[in-house]
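Descriptive analysis of the structure
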Amino acid sequence: FCFSGCSNLQEVRIPNSVTTLGYRCFTGCSNLTNTTFGNQLFYVHAWAFNQALTSSTPTTVFIPSSLRTIKELGFGVLYYPEGSTLEIGSEDNLSMLQFSENDMAPFYQNPGNQFGAVNFYSRHYDAGNDLAMLKLNQACVSGATISIV
């Protein structure tokens, strides 16, 4: 709960020394528009950014490739306009993120607030396993482009 409900918070820079973000640490930070994650972030607890991270213009949200676990609604109910993109990892730095049946809706979005595209650059994606697609689909508008590389 370290910054939970802090409506004046607009920007957060998570340094490379931080490996875990705690339960509800930024929940309800309704004016948080710019967040930079360090390259050692490993674990995001449940509800960490629920109802936070907002933007009035289309933007791209970058999830670092070091992140391996996002618990329930870790990045749930974000407020981004149509045309925004969720990037998990990059072509040069593949993501370590793995999805679990028990981690419900890590990126769940309410209708009207969903991403128009998701790019998931994965080291662990198994084309025969639709779990990643199911979890990512909860973040997207109907008909959105979901690329799993």
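Let us look at the structure shown here.

On to the state of the cysteines. By the definition in use, this model includes zero disulfides. No disulfide involves Cys25; its sulfur sits 4.8 Å from that of Cys2, the nearest cysteine. Cysteine Cys29 remains unbridged, with the sulfur of Cys6 as its closest cysteine sulfur at 5.6 Å. For Cys29, a relative accessible area of 0% corresponds to the buried category.

Right, let's talk about the sheet that holds strand β6 (residues 69-70) for a bit. Paired through backbone hydrogen bonds, the strands of a sheet run either parallel or antiparallel to each other. Pairing within the open sheet is parallel, and its three strands lie in the order β2-β4-β6. The open sheet terminates on both sides in strands that have one partner only, identified here as β2 (20-21) and β6. Relative to β6, strand β4 (residues 43-44) runs parallel, the two being bridged by two bridges. Across the sheet, the residue bridging to Val44 is Ile70, located in β6.

What counts, and where the lines are drawn
- Residues numbered from 1 in each chain as written.
- Predicted model: local features only at pLDDT ≥ 70, side-chain atom pairs only at ≥ 80, totals over all residues.
- Heavy atoms only, no water.
- Disulfide = S-S within 2.5 Å.
- Buried < 20%, exposed > 50% of the residue type's maximum accessible area, 1.4 Å probe, protein only.
- Pairing = 2+ DSSP bridges.
- Helix = DSSP H or I, 4+ residues; strand = E, 2+ residues; numbered from the N terminus.

Fair warning: the whole summary comes from geometry, so function is off the table for now.
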